[in-house]
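Remarks on the overall topology
The primary structure of each chain is shown beneath.
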Amino acid sequence: MKIRISTFVMVALLATAFQNANAAIRRVGYWGTPINNVDYTDLQSAHDAANTNDTLLIYPGSWYATYSKKLVTIGYGYFVDVATLGTAANANLQNITGALSIQVTLAAGCSNSQFEGLDGLSINGDGTGTTFNNIIIRRCKISALGFYQANTYNNWQVLQCWINYIQWSANAKATNLVVNNCNIGYMYAPDGSTGTPANFSGQFNNDIFEATPGSNNFFNGNFIVKNSIFWWGKSNDANCVYSYSIINNYYYGGTLPSNNGNQNLDYTTFNGLFAGQAGTTSTDGYYVLAAGSVAKNAGQGGTDCGIYGGTNPYKLSGIPRIPAIYKLTAPSNTTSGNPYTITLSVRSNN
């Protein structure tokens, strides 16, 4: 007998990398028999019951909550539902299917929280002038990441994520922001405002920017943009420093400075960058560099440009950094003999 098991079935034994010794694990939307003080039918109830440093495990569903505690929130990745997504999904990574969306509003007290492996994540501050420090978002599919309203966002790290929107506004501050190994759809200000350099700063390393130049809006911030690829062009932000990056110069014009290792490519050359340009792959597998890509070894120090380069490359489907028990092998459906031997197969997802 062979049974595929999801990461979450035995995650209580394996999630210690995220936790303090006395922290608890609480599940939201688990479909099995509920356990008191472990299982919750909505995210806000799980949050309210949790203590600082607890871990919330999120199953399929539509969830929302206001966070006022330092918590770890873990999902099961994204682009894994082969039955729904077909070839756009990545097979054999996670045995959980179904849609997930999670909307988090940040309130005072949630600094140092972590979010990982979540699908459909929307996150922003509560607009009360609060400062949110040291938030880490890793391996998430982000619907909307909001640095807006009257809040300050210091020392955030957004790592190995698939991002639909980054949203700015002039009454917010985002300082020392690090966005690494992310695929970014749009960056824009919903209210049409323009930021000031002193209020927006940080680094974008090994990213891919998909949108048109007007939607690659760095909001007039002091950002270093390195080892990155601009699919459609770039926004002309005078305060950004671009180095070892690549632009598709065919669309919408605009060039990167010719120094600092940058490359301005014509359409033909740019069309050979990614494996997906030569044939069908999964949604995020599309951006693996082609064998002869000029983006290979084109980054600073000889690393690859784009999301699969650098010291912490993008991981397919954002599978969280906890071991996955993906198979159990037993001789029969009923126990027989003594001892009765079963075998667990475990995959590291670091």
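From a predicted model like this one, the values you see are computed outputs, not experimental measurements.

1. A look at the pairing of strand 17 (residues 183-188)
Two elements, strand 15 (residues 162-168) and strand 17, share five bridges in a ladder whose sense is parallel. Residue pairing across strands places Tyr165 opposite Tyr186, the latter belonging to strand 17. Two elements, strand 17 and strand 19 (residues 208-209), share two bridges in a ladder whose sense is parallel. Each residue of the ladder has a partner; that of Ile184, found in strand 19, is Phe209.

2. Focus on the pattern of salt bridges
Taken as a whole and assessed by the stated rule, the structure comprises four salt bridges. Note that Asp39 and Arg27 form a salt bridge whose closest N and O atoms lie 2.6 Å from each other. Placement of the pair is Asp39 in strand 3 (residues 39-40) and Arg27 in strand 2 (residues 25-28), with a sequence separation of twelve residues. Arg27 shares its class with Asp39; the two are buried. The shortest N-O distance in the salt bridge between Glu116 and Arg321 comes to 3.0 Å. Residue Glu116 is located in strand 8 (residues 114-116), and its partner Arg321 is located in the loop between helix 3 (267-270) and strand 25 (324-329); the two are separated by 205 residues in the primary sequence. Given a relative accessible area of 1%, Glu116 falls into the buried group. Judged by relative accessible area, which is 27%, Arg321 ranks as partly exposed. Taken together, the shared-partner salt bridges in this structure form one network comprising Glu116, Arg138 and Arg321.

3. Section: the nonpolar core
Grouped together as the largest cluster of nonpolar side chains are 63 residues, with contacts concentrated most on Ile137, Trp168 and Phe204. Here this core gets four residues from one element, more than from any other, and that element is strand 7 (residues 100-106). Core analysis: the next-biggest nonpolar cluster, separate from the first, contains 18 residues, Ile208, Ile246, Phe274 and Ala298 among them.

4. Topic: unusual backbone geometry
The bulk of non-glycine residues show a negative phi, and the bulk of peptide bonds are trans. Residues other than glycine seldom take positive phi values, yet Asn37 does so here, at roughly 65 degrees. Its place among the elements puts Asn37 in the loop between strand 2 and strand 3. Here Asn220, not a glycine, exhibits a phi torsion of approximately 65 degrees, which is positive. Topologically, Asn220 is positioned in the loop between strand 19 and strand 20 (222-226).

5. With respect to the pairing of strand 7
Burial of the side chains of strand 7 is restricted to one face: Leu100, Ile102, Val104 and Leu106 are buried, whereas none of Ser101, Gln103 and Thr105 on the reverse face is. Two elements, strand 5 (residues 61-67) and strand 7, share seven bridges in a ladder whose sense is parallel. By the bridge assignment, Thr66 is partnered in strand 7 with Thr105.

6. Considerations on the side chain of Ser113
Secondary-structure assignment places Ser113 in the loop between strand 7 and strand 8. With a relative accessible area of 1%, Ser113 lands in the buried category. A polar contact is formed between the side chain of Ser113 and the backbone oxygen of Lys69, at a distance of 3.1 Å. Residue contacts for Ser113: discarding those within four places in its chain leaves Lys69, Lys70, Leu71, Asn134, Ile135 and Ile136.

7. A word on the sheet that holds strand 12 (residues 141-147)
The sheet built from ten strands is open, its strands ordered 5-7-9-12-15-17-19-21-23-24 with parallel pairing. Of all the strands in the sheet, the pair left with one neighbour each is strand 5 and strand 24 (263-265). Relative to strand 15, strand 12 is paired through five bridges, and the arrangement is parallel. Residue pairing across strands places Leu145 opposite Ile166, the latter belonging to strand 15.

8. Comments concerning the environment of Asn262
With respect to the helices and strands, Asn262 occurs in the loop between strand 23 (246-248) and strand 24. Sequence-wise, Asn262 and Phe230 are 32 residues apart; in three dimensions their C-alpha atoms are separated by 11 Å. Once residues within four sequence positions are removed from consideration, Asn262 is found in contact with Tyr242, Ser243, Tyr244, Ser245, Leu256 and Pro257. A polar side-chain atom of Asn262 sits 3.1 Å from the main-chain amide nitrogen of Tyr244. Of note is the side chain of Asn262, whose polar atom sits 3.0 Å from the backbone oxygen of Pro257.

9. Considerations on the environment of Ile325
Looking at the element boundaries, Ile325 is found in strand 25. Remark: the alpha-carbon pair of Ile325 and Val346, spanning 21 residues in sequence, is separated by 4.4 Å.

Conventions adopted
- Residues numbered from 1 in each chain as written.
- Predicted model: local features only at pLDDT ≥ 70, side-chain atom pairs only at ≥ 80, totals over all residues.
- Heavy atoms only, no water.
- Pairing = 2+ DSSP bridges.
- Helix = DSSP H or I, 4+ residues; strand = E, 2+ residues; numbered from the N terminus.
- Salt bridge = Lys/Arg side-chain N within 4 Å of Asp/Glu carboxyl O.
- Buried < 20%, exposed > 50% of the residue type's maximum accessible area, 1.4 Å probe, protein only.
- Core = buried A, V, L, I, M, F, W, Y, C linked by side-chain atoms within 4.5 Å.
- Polar contact = N/O pair within 3.5 Å; in protein donor to acceptor, adjacent residues only side chain to side chain.
- Contact = heavy atoms within 4.5 Å.

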